[in-house]
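This is what each chain is made of:
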Amino acid sequence: MLLTVDIGNTNVVMGLMPTRGELASQLRFPTDKRRTVREFMDGFEALVAMHGFDFSDVAGAVVSSVVPELTESVVASVRAKTNLEPLVVNYKMNLGFSIDMDTPERLGVDMIADAAGAVNDYDGALAIFDMGTANTCSVVTSDRTYIGSIIYPGVVISQDALTAQCSQLPFIKFEKPKGLIGKNTVECMYSGVLYSNAATIDGLIDRIADELGEPVTAIATGGVSRMIVPACRREIVHDPNLLLKGLWDLYKLNA
């Protein structure tokens, strides 16, 4: 059983993974930089007890973090509860692909994990969309080289900014619109969120393929991707467990 911890800007997700990409138990809570080692230890205890597991079932641990302030607390809590040294994802480890960027040390480890999972499941050039607090698109060539990425505001950031800056627009919880052209303010906002993101993905795929000079396989994961992908006109693989697969693959390559 592999213990996984994904520390994102919005949520911390703990999981127990018996096989690649499949969670037997999962616990999710909001990211808070003030969380203590004790709180994370309590979280691990709840995760393990949730389905009758025991810490003796845990054979390894891997941590992916884009919130440096929480990384050491999570690592310390893993050590305390499992007596294992967790693998902390970073660009210097064996990734299963190479990185050709000016500042690889600044590349988000969530994007690294996505790419690690993708190169083992999909052939050819890849455009990997991860839709979270920020939307990212990682570009990997057919020879397994990560050549760069695209980052733009995620759905929640866009919605919050729109509501904050426009006095007459209400706060909304993102839902699927009835159609493209809204008949009231809320439906108009639903439509704008859904179809602008879908059109962005469609357009970026075309432009990436043009720049590479070859077709690309597009994969989408994370957050609201399950709602966005059906609205896209291009063929896109929806892989909600891509990051988990990548964490599994990185652990197997480096443990």
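Residues numbered from 1 in each chain as written. Predicted model: local features only at pLDDT ≥ 70, side-chain atom pairs only at ≥ 80, totals over all residues. Heavy atoms only, no water.

Caption draft 1: Geometry of the overall build of the protein. A tally of regular secondary structure across the protein gives seven helices and eleven strands. Rg of the C-alpha trace for the protein: 19 Å, near the compact-globule value of 18 Å for 255 residues, within the 12% margin. Considered along the principal axes of its C-alpha atoms, the protein spans approximately 55 × 45 × 30 Å. Within the protein, buried positions represent 46% of all 255 residues. (Helix = DSSP H or I, 4+ residues; strand = E, 2+ residues; numbered from the N terminus. Rg over C-alpha atoms; globule rule 2.2 N^0.38 Å. Buried < 20%, exposed > 50% of the residue type's maximum accessible area, 1.4 Å probe, protein only.)

Caption draft 2: Highlighting the nonpolar core. Membership of the largest hydrophobic core comes to 30 residues, with the highest contact counts inside it found for Val89, Phe97, Ile112, Leu126, Ile128 and Leu250. Broken down by secondary-structure element, the contributors of at least two residues to this core are α3 (109–119), β7 (125–131) and α7 (242–254). Examining the composition of this core, we find that eight residues originate from one element, α3, more than from any other. In contact with isoleucine 112, not counting residues within four places along its chain, are Val89, Asn90, Tyr91, Leu95, Phe97, Leu107 and Leu250. Counting 25 residues, the second largest nonpolar core, distinct from the first, contains Phe129, Leu204, Val216 and Ala231. (Core = buried A, V, L, I, M, F, W, Y, C linked by side-chain atoms within 4.5 Å. Contact = heavy atoms within 4.5 Å.)

Caption draft 3: Broad picture of the packing of aromatic side chains. Inspection of every chain in the model, using the stated rule, returns two aromatic pairs. Ring geometry for phenylalanine 29 against phenylalanine 40: centres 6.1 Å apart, planes inclined by 45°, an arrangement best described as tilted. Here phenylalanine 29, found in strand β3 (residues 25–30), pairs with phenylalanine 40, found in helix α1 (residues 37–49); they are eleven residues apart in sequence, far enough to count as distant. (Phe/Tyr/Trp six-rings, centres within 6.5 Å; stacked < 30°, edge-to-face > 60°.)

Caption draft 4: Examining unusual backbone geometry more closely. If you check the backbone angles, asparagine 83 has positive phi at about 60° while not being a glycine. By the element assignment, asparagine 83 lies in the loop between α2 (68–82) and β5 (87–88). At arginine 144, a residue that is not glycine, the phi angle is positive and equals roughly 65°. You can see arginine 144 is positioned in the loop between β8 (134–140) and β9 (145–153).

Caption draft 5: Structural context of the side chain of glutamate 187. Relative to the assigned elements, glutamate 187 resides in helix α5 (residues 185–212). Of the side chains bearing the opposite charge, lysine 178 lies closest to the buried glutamate 187, which forms no salt bridge; the N-O distance is 4.9 Å. Side-chain polar atoms of glutamate 187 contact the backbone nitrogen of lysine 178, separated by 3.0 Å. Excluding its chain neighbours within four sequence positions, the residues that come into contact with glutamate 187 are Pro177, Lys178 and Gly182. (Lys, Arg positive; Asp, Glu negative; His and termini not counted. Salt bridge = Lys/Arg side-chain N within 4 Å of Asp/Glu carboxyl O. Polar contact = N/O pair within 3.5 Å; in protein donor to acceptor, adjacent residues only side chain to side chain.)

Caption draft 6: Representation of the sheet that holds β5 in the model. Spatially, β3-β2-β1-β4-β5 is the arrangement adopted by the five strands of the open sheet, whose pairing is mixed. The open sheet has two free edges, formed respectively by β3 and β5, since each of these has just one partner strand. Here strand β1 (residues 2–7) runs beside strand β2 (residues 11–17); their pairing, made up of six bridges, is antiparallel. Bridging across to β2, leucine 3 finds its partner in leucine 16. (Pairing = 2+ DSSP bridges.)

Caption draft 7: Structural context of the packing of α1 against α2. Between α1 and α2, the least distance of the axes is 8 Å, while the angle of their chain directions is 50°. If you check the angle between α1 and α2, you find them oblique. For the crossing formed where α1 meets α2, the hand is right-handed. Only Leu70, Ser73, Val74, Ala76, Ser77, Val78, Ala80 and Lys81 of α2 make contact with α1, whose side of the interface consists of Val37, Phe40, Met41, Phe44 and Glu45. (Axes fitted to C-alpha atoms, helices over the stretch in contact; angles between N-to-C directions. Parallel < 35°, antiparallel > 145°, perpendicular 65-115°, else oblique. Left-handed = near helix turned anticlockwise from the far one by under 90°.)

Caption draft 8: Expanded view of the side chain of aspartate 130. As for its position among the elements, aspartate 130 is in strand β7. No salt bridge is formed by the buried aspartate 130; its nearest oppositely charged neighbour, arginine 28, is found at 10 Å. When residues no more than four places from it in sequence are discounted, the contact partners of aspartate 130 are Asp114, Asn135, Thr136, Thr221 and Gly222.

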